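# Notes for the structure review
Single-letter residue listing:
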Amino acid sequence: MMILASLLGLLATACASQAVGPPPQQDQPSQAQAAVLLVALFFLGAFTATALIERAKRVLRARYTVPLLVEAVALLIYAWGAHGHLSEARALQLSALLCFSMGLQNALVTRISGAVVRTTHLTGIVTDLGIESVRAVVWMRDRLSERSVFRAGELFSLFLADPEWKRLRLHTSIFASFASGAVIGPQLFIHFGQIAMLLPCGVLTLLAAFDFLTGLRTSDDSDHEDHRGLAAMAKK
């Protein structure tokens, strides 16, 4: 069994299987070949999302609409194909499709957040939570030494406006969302089967509609404006 969110695990599986794994059955890929295929599809998903975003960079709106819809369609294809008994070949194909979707999603979130968030890298999120928690405690301790206990309300207001709190809140919300999805997803699948995939597809479609109608203001936009400003200066 492979955990698709762990590319490091897939690469380790590929290397270990190549070194000591059993020979593959006839007309069946080896574990190493399957792992390499999944990593390649993840790369292809990230490549596709980034290419679509870069292509739409000249347009101020709807920059993320197409990759969001591509991910929704990929998940719909998975839901349609993952019914009934699955052969090993069919299971590998569906796993590859999921890896492609995950590459799309990870690249999308990375670009939208300005490389702050990578949703498939949960160990990094937990590490950031530990770091930000210590920074928050140190910040609170230093400010308490400067103010009396009776001004704790003012101190709390300052803390809510501090970048340390914003980063801590961001990483906490990511971890909570990931954990909630890990609990809710299997429960929906148990009760509703493959039709449960309509929920993430619907969310992706709503996000695509929001981006198409209003546009998402992200760090990419400011970078793009800076590049245009530099280009204009260079022409002068």
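Residues numbered from 1 in each chain as written. Predicted model: local features only at pLDDT ≥ 70, side-chain atom pairs only at ≥ 80, totals over all residues. Heavy atoms only, no water.

### Here's the deal with the side chain of Ser101
So the rule is basically this: In DSSP terms, a helix is any run of H or I states spanning at least four residues, a strand is any run of E spanning at least two, and both are numbered starting from the N terminus. The buried label goes to any residue with under 20% of its type's maximum accessible area, the exposed label to any with over 50%, and the partly exposed label to all in between, with areas taken from a 1.4 Å probe on protein chains only. Pairs of residues are marked as contacts when any of their non-hydrogen atoms sit within 4.5 Å.
Looking at the secondary structure, you find Ser101 in helix H4 (residues 88–112). Residue class for Ser101 comes out buried when judged on its relative accessible area of 4%. Ignoring sequence-local partners within four residues, the contact set of Ser101 consists of Glu71, Ala74 and Leu75.

### So, helix H7 (residues 163–192)
Keep this limit in mind: Each residue after the first adds 1.5 Å to the expected span of a helix.
Between its first and last C-alpha, H7 extends 42 Å over 30 residues, near the 44 Å set by a 1.5 Å rise per residue. All of the buried residues in H7 are Glu164, Leu168, His171 and Ile174. Gly193, located one to two residues past H7, shows a positive phi value of around 70 degrees.

### Section: the packing of helix H3 (residues 65–81) against H4
Condition: An axis is simply a line fitted to the C-alpha atoms; with a helix, the fit covers only the stretch in contact. Between two such axes, the angle follows the N-to-C directions and lies from 0 to 180 degrees. An angle counts as roughly parallel when it lies under 35 degrees, as roughly antiparallel when it exceeds 145, as roughly perpendicular when it falls between 65 and 115, and as oblique in every other case. Crossing handedness follows the turn of the near helix against the far one: under a right angle anticlockwise gives a left-handed crossing, and clockwise gives a right-handed one. Side-chain classes follow a simple rule in which Ala, Val, Leu, Ile, Met, Phe, Trp, Tyr, Cys and Pro form the nonpolar group, Asp, Glu, Lys and Arg form the charged group, and the remainder, Gly included, forms the polar group.
Closest axis-to-axis distance for the H3/H4 pair is 10 Å, and the angle between their directions is 160 degrees. As the angle between them shows, H3 and H4 are arranged roughly antiparallel. With respect to the hand of their crossing, H3 and H4 are arranged in left-handed fashion. Every residue of H4 that contacts H3 at Pro67, Leu68, Val70, Glu71, Ala74, Leu75, Ile77, Tyr78 and Gly81 is listed here: Arg90, Leu94, Leu97, Leu98, Phe100, Ser101, Leu104, Gln105 and Leu108. Residue composition of the contact of H3 with H4, by class: 13 nonpolar, three polar and two charged.

### Comments concerning the nonpolar core
Selection criterion: What is meant by a nonpolar core is a set of buried Ala, Val, Leu, Ile, Met, Phe, Trp, Tyr and Cys residues, joined one to another through side-chain atoms within 4.5 Å.
Counting residues in hydrophobic clusters, the biggest one holds 29 residues, and the most contacted among them are Leu68, Leu75, Tyr78 and Leu108. Those elements that provide at least two residues to this core are helix H2 (31–55), H3, H4 and helix H8 (198–213). The element contributing the most residues to this core is H4, with eleven residues. When near neighbours in sequence (up to four residues on either side) are disregarded, Tyr78 contacts Leu94, Leu97, Leu98, Gln194 and Met197.

### Focus on a nonpolar patch on the surface
Rules: Patches draw on residues past 30% relative accessible area with no salt bridge. Two like charges within 9 Å are joined, as are two nonpolar side chains (Val, Leu, Ile, Met, Phe, Trp, Tyr) within 5 Å. The method behind every accessible area is Shrake-Rupley, applied with a 1.4 Å probe, and residues are considered shielded solely by the protein chains displayed. Take a side-chain nitrogen of Lys or Arg and a carboxyl oxygen of Asp or Glu: if they are within 4 Å of each other, that pair is a salt bridge.
Where nonpolar side chains cluster on the molecular surface, the patch consists of Leu76, Phe192, Ile195 and Leu198 and spans about 400 Å² of accessible area. Along the chain, Leu198 falls in helix H8.

### Brief notes about the side chain of Glu132
Relative to the assigned elements, Glu132 resides in helix H5 (residues 122–146). Look at Glu132 and you get buried, because its relative accessible area is 5%. If we ignore the near neighbours within four places in the chain, the residues touching Glu132 are Glu164, Arg167, Leu168 and His171.

### Focus on the environment of Gly103
Tracing the backbone through its elements, the reader meets Gly103 in helix H4. The spacing of Gly103 and Ala40 is 63 residues in sequence and 9.7 Å in space, taken between C-alpha atoms. Residues contacting Gly103, with those up to four places away along its chain left out, are Phe42, Gly45 and Ala46.

### Some words on the confidence of the model for the protein
Filter applied, for reference: The quantity called pLDDT is the predictor's confidence in a given residue, expressed from 0 to 100.
Mean pLDDT for the protein: 75, with 67% of residues reaching 70 or above. No element of the protein has a lower mean pLDDT than helix H9 (residues 219–235), which averages 46, and none a higher one than H3, which averages 90. In this model, residues 224–236 is a region of pLDDT below 50 whose contacts with residues beyond four sequence positions or in other chains number four contacts.

### Description of the packing of H3 against H8
Following both chains from N to C, one finds H3 and H8 inclined at 165 degrees, their axes separated by 9 Å at the closest point. Judged on the interaxial angle alone, H8 and H3 are roughly antiparallel. You can see that H3 and H8 cross each other, and the crossing is left-handed. Taken together, the residues of H8 that come into contact with H3 (itself represented by Thr65, Leu68, Leu69, Glu71, Ala72, Leu75 and Leu76) are Leu198, Pro200, Cys201, Leu204, Thr205, Leu207, Ala208, Asp211 and Phe212.

### Focus: the pattern of salt bridges
Enumeration over the complete set of coordinates arrives at two salt bridges. Among the ionic pairs, Glu54 bridges to Arg111, the shortest N-O distance being 2.8 Å. With Glu54 in helix H2 and Arg111 in helix H4, this pair connects stretches of sequence that are 57 residues apart. Residue classification places Glu54 among the partly exposed residues on the basis of a relative accessible area of 38%. Judged by its relative accessible area of 14%, Arg111 falls in the buried class. In this structure, Glu132 engages Arg135 in a salt bridge whose closest nitrogen and oxygen atoms are separated by 3.4 Å. With Glu132 and Arg135 both in helix H5 and three residues apart, this pair spans about one turn of that helix.

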